[in-house]
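Each chain, written out:
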Amino acid sequence: QVQLVESGGGLVKPGGSLRLSCVASGTNFNQYVMGWYRQSPGKQREFVATITSASRTNLADSVKGRFAISRDNSQNTVYLEMNSLKPEDTAVYYCNAAHVVFSPANYWGKGTLVTVSS
């Protein structure tokens, strides 16, 4: 069983920055594609970014140029660096771990709230 614990959320003004972290335990971290997703009130959960163990990344068009995803395989940690934040980035951000081969092995953290407001 994989446990994912997010941190780093909070209240930030438009144009500000935040860095989210997600620590994984209970697994071989290198066997998972790690990702960030978000869900705003009244909306479905949406893709934000993913990163493979080889650090190949994929980002949603809405965050390209503003967000960056990275991982530290030695620390079982994935990060989401968020810059130039907008009010529409307000959401609960969830960390995800998806096994590269065994698709049922897909895990979620409990989320961390990011609020962008003046």
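Presented here is an overview of the structure given in this document. (Residues numbered from 1 in each chain as written. Predicted model: local features only at pLDDT ≥ 70, side-chain atom pairs only at ≥ 80, totals over all residues. Heavy atoms only, no water.)

Some thoughts on the overall build of the protein chain
Phase 1 of the analysis: Looking only at helices and strands, the protein chain has 0 helices and 11 strands in total.
Phase 2 of the analysis: Start at the N end of the protein chain and walk to the C end: the helices and strands fall as β-β-β-β-β-β-β-β-β-β-β.
Phase 3 of the analysis: In terms of its C-alpha atoms, the protein chain occupies a principal-axis envelope of roughly 40 × 25 × 25 Å.
Phase 4 of the analysis: Out of the 118 residues in the protein chain, the part that is buried amounts to 42%.
Phase 5 of the analysis: Long-range pairs, those at least 24 residues apart, make up 55% of the contacts in the protein chain between residues at least 6 apart in sequence.
Phase 6 of the analysis: Only carbon and sulfur atoms are counted for the fraction: they give 48% of the accessible area of the protein chain, which is about 6,200 Å².
Phase 7 of the analysis: With 11 positive and 7 negative side-chain charges, the protein chain shows a spacing of 1 Å between the two charge centroids. (Helix = DSSP H or I, 4+ residues; strand = E, 2+ residues; numbered from the N terminus. Buried < 20%, exposed > 50% of the residue type's maximum accessible area, 1.4 Å probe, protein only. Contact = heavy atoms within 4.5 Å. Areas by Shrake-Rupley, 256 points an atom, 1.4 Å probe, with all protein chains shown as cover. Lys, Arg positive; Asp, Glu negative; His and termini not counted. Charge placed at Lys NZ, Arg CZ, Asp CG, Glu CD.)

Some remarks on a nonpolar patch on the surface
Phase 1 of the analysis: A surface patch of nonpolar side chains, about 340 Å² in accessible area, is lined by Val100, Val101 and Phe102.
Phase 2 of the analysis: For Val100, the position within the fold is in the loop between β9 (91-99) and β10 (106-108). (Patch = residues over 30% accessible without salt bridge, like charges linked within 9 Å, V, L, I, M, F, W, Y side chains within 5 Å. Salt bridge = Lys/Arg side-chain N within 4 Å of Asp/Glu carboxyl O.)

Let's talk about the packing of aromatic side chains
Phase 1 of the analysis: Here the structure, examined in full by the defined rule, presents 3 aromatic pairs.
Phase 2 of the analysis: Ring geometry for Tyr32 versus Tyr107: centroids 6.3 Å apart, planes at 55°, classification tilted. Of this pair, Tyr32 sits in strand β4 (residues 32-39) while Tyr107 sits in strand β10, and the two are 75 residues apart along the sequence. An identical accessibility class is assigned to Tyr32 and Tyr107; each is buried.
Phase 3 of the analysis: Here the aromatic rings of Tyr37 and Phe47 are separated by 5.8 Å at their centres, their planes lie at 70°, and the arrangement is edge-to-face. (Phe/Tyr/Trp six-rings, centres within 6.5 Å; stacked < 30°, edge-to-face > 60°.)

What about unusual backbone geometry?
Phase 1 of the analysis: Even without a glycine there, the phi angle at Asn76 is positive, about 50°.
Phase 2 of the analysis: As for its position among the elements, Asn76 is in the loop between β7 (67-72) and β8 (77-82).
Phase 3 of the analysis: Look at Ser84: it is not a glycine, yet its phi comes out positive at around 50°.
Phase 4 of the analysis: Tracing the backbone shows Ser84 in the loop between β8 and β9.
Phase 5 of the analysis: Judged by its relative accessible area of 39%, Ser84 is partly exposed.

Observations concerning the sheet that holds strand β1 (residues 3-7)
Phase 1 of the analysis: On the basis of which strands lie adjacent, the open sheet formed by 4 strands has the order β1-β3-β8-β7 and antiparallel pairing. The open sheet terminates on both sides in strands that have one partner only, identified here as β1 and β7. When strand polarity is set aside, the average angle formed by the axes of neighbouring strands in this sheet is 15°.
Phase 2 of the analysis: In this sheet, strand β3 (residues 18-25) lies alongside β1 in antiparallel orientation, the contact comprising 5 bridges. Counterpart to Leu4 in the pairing with β3 is Ala24. (Pairing = 2+ DSSP bridges. Axes fitted to C-alpha atoms, helices over the stretch in contact; angles between N-to-C directions.)

Comments concerning the side chain of Asp89
Phase 1 of the analysis: One can find Asp89 in the loop between β8 and β9.
Phase 2 of the analysis: According to the relative accessible area criterion, Asp89 is buried, its value standing at 1%.
Phase 3 of the analysis: Leave out the neighbours within four places in its chain, and Asp89 touches Arg38, Arg66, Phe67, Ser84, Val114 and Val116.

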